[in-house]
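# Structural description and commentary
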Amino acid sequence: MSDQGILAVVSGFSGAGKGTLMKALLEKHHNYALSISATTREPREGETDGREYFFVTKEAFEEMIQKGQLIEHAQYVNNYYGTPRQYVFQQMADGRDVILEIEIQGALKIKERFPEALLIFVMPPSADELKRRLVGRGTETMEVIDKRMRRAGQEAAGITSYDYILINDALDQCVEEMHQLIQAQHKRVSQNLEFIQQMKSELTDR
Ligand code: 5GP
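In this report, we go over the structure that sits alongside the text.

### A closer look at the side chain of Thr-40
Looking at the element boundaries, Thr-40 is found in the loop between β3 (37-39) and β4 (53-55). Here Asn-79 takes part through its side chain, which lies 3.1 Å from a polar atom of the side chain of Thr-40. Of the polar contacts made by the side chain of Thr-40, one reaches the backbone nitrogen of Tyr-80; its length is 2.9 Å. For Thr-40, the contacting residues outside a window of four places in its chain are Val-56, Thr-57, Lys-58, Phe-61, Asn-79 and Tyr-80.

### Some words on the pattern of salt bridges
Taken as a whole and assessed by the stated rule, the structure comprises 18 salt bridges. Between Glu-62 and Lys-58 there is a salt bridge, with the nearest N and O atoms lying 3.6 Å from each other. Of the two residues, Glu-62 and Lys-58 are both situated in helix α2 (residues 58-66); the distance of 4 residues between them amounts to about one turn of the helix. Residue Glu-62 is classed as partly exposed on the basis of its relative accessible area of 32%. A salt bridge links Arg-96 to Asp-94; its shortest N-O distance comes to 3.7 Å. Salt bridges sharing partners connect three or more residues here, namely Arg-41, Arg-44, Glu-47, Arg-137, Glu-140 and Arg-148.

### Observations concerning the site of the ligand
Neighbouring the ligand are 16 residues, the closest being Ser-37, Arg-41, Tyr-53, Glu-72 and Tyr-81. In the model, an oxygen atom of the ligand is placed 2.6 Å from a nitrogen or oxygen of the Arg-41 side chain. Note that an oxygen atom of the ligand is positioned 3.0 Å from one of the backbone N or O atoms of Gly-82. Burial of the ligand by the protein chains amounts to 95% of its free accessible area of 520 Å². Judged by the fraction of its atoms near the pocket grid, the ligand is located in the largest pocket. Among the secondary structure elements, those contributing two or more residues to the shell around the ligand are β5 (70-76) and β6 (79-84).

### Re the sheet that holds β3
What the 4 strands build is an open sheet, ordered β4-β3-β6-β5; its pairing is mixed. A single partner strand is all that each edge strand has here, and the edge strands are β4 and β5. On average, each strand axis in the sheet is tilted by 25° relative to the strand beside it, whichever way the strands run. Note that β5 and β6 share 6 bridges and pair antiparallel. In the sheet register, Leu-70 faces β6, and the bridge partner there is Pro-84. The sheet contacts of helix α3 (residues 85-93) involve β5 and β6, and relative to β6 the element is tilted by about 35°.

Conventions used here
Residues numbered from 1 in each chain as written. Predicted model: local features only at pLDDT ≥ 70, side-chain atom pairs only at ≥ 80, totals over all residues. Heavy atoms only, no water. Helix = DSSP H or I, 4+ residues; strand = E, 2+ residues; numbered from the N terminus. Polar contact = N/O pair within 3.5 Å; in protein donor to acceptor, adjacent residues only side chain to side chain. Contact = heavy atoms within 4.5 Å. Salt bridge = Lys/Arg side-chain N within 4 Å of Asp/Glu carboxyl O. Buried < 20%, exposed > 50% of the residue type's maximum accessible area, 1.4 Å probe, protein only. Near = heavy atom within 4 Å. Areas by Shrake-Rupley, 256 points an atom, 1.4 Å probe, with all protein chains shown as cover. 1 Å grid on protein atoms, 1.4 Å probe; cavity = no way out; pocket = protein on both sides within 12 Å on 5 of 7 lines; lining within 4 Å. Sits in = over half its atoms within 2 Å of the grid points. Pairing = 2+ DSSP bridges. Axes fitted to C-alpha atoms, helices over the stretch in contact; angles between N-to-C directions.

Here's what the structure looks like:
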């Protein structure tokens, strides 16, 4: 079977609980690598450069785009976000399943460039619950929360381009469902063409 890791994209409305979900997934299962994005947004309290994000200036970000160092990038609520290329391919080549926790425009670009990528959209149980979580987080002003709610409304239109949706209601259950979806991807025919080819030639060479 193929030793190459899976490229999984996880998106969800801001406040859907993706961060908590990713943390729980990585604590529980050990073959995952979470890509660290570059962004021009300011660090939130408690965030560290190189851990949650690489926090860079607009000029540095534009230079990364020009040099082809990002496999996708997008603008989200007045800031740039992008996925550094090298880490992703290195981890996949080492056999780890790489997760990109990115928004929808970036996710669709990934699907275009890497059709074998697995796209998962995480939803809260309801819009009211989404707002409760955003307010409860206490890191954004009401103005930004309203912007993020409006953005969620726009993003809902793109969900049908994803492969799967997961409802993040009970955390542990959602973690296991995500793990199973990604692991099932290893069994796809498209992920195992080399093995299939080898089996074919072994059979015909007999
Ligand atoms: P936040 O500012 O809340 O950390 O992130 C805002 C949005 O940007 C989230 O939906 C997050 O998934 C997305 N995001 C984070 N990194 C990237 C990236 O590298 N590329 C894209 N396209 N979106 C990203």
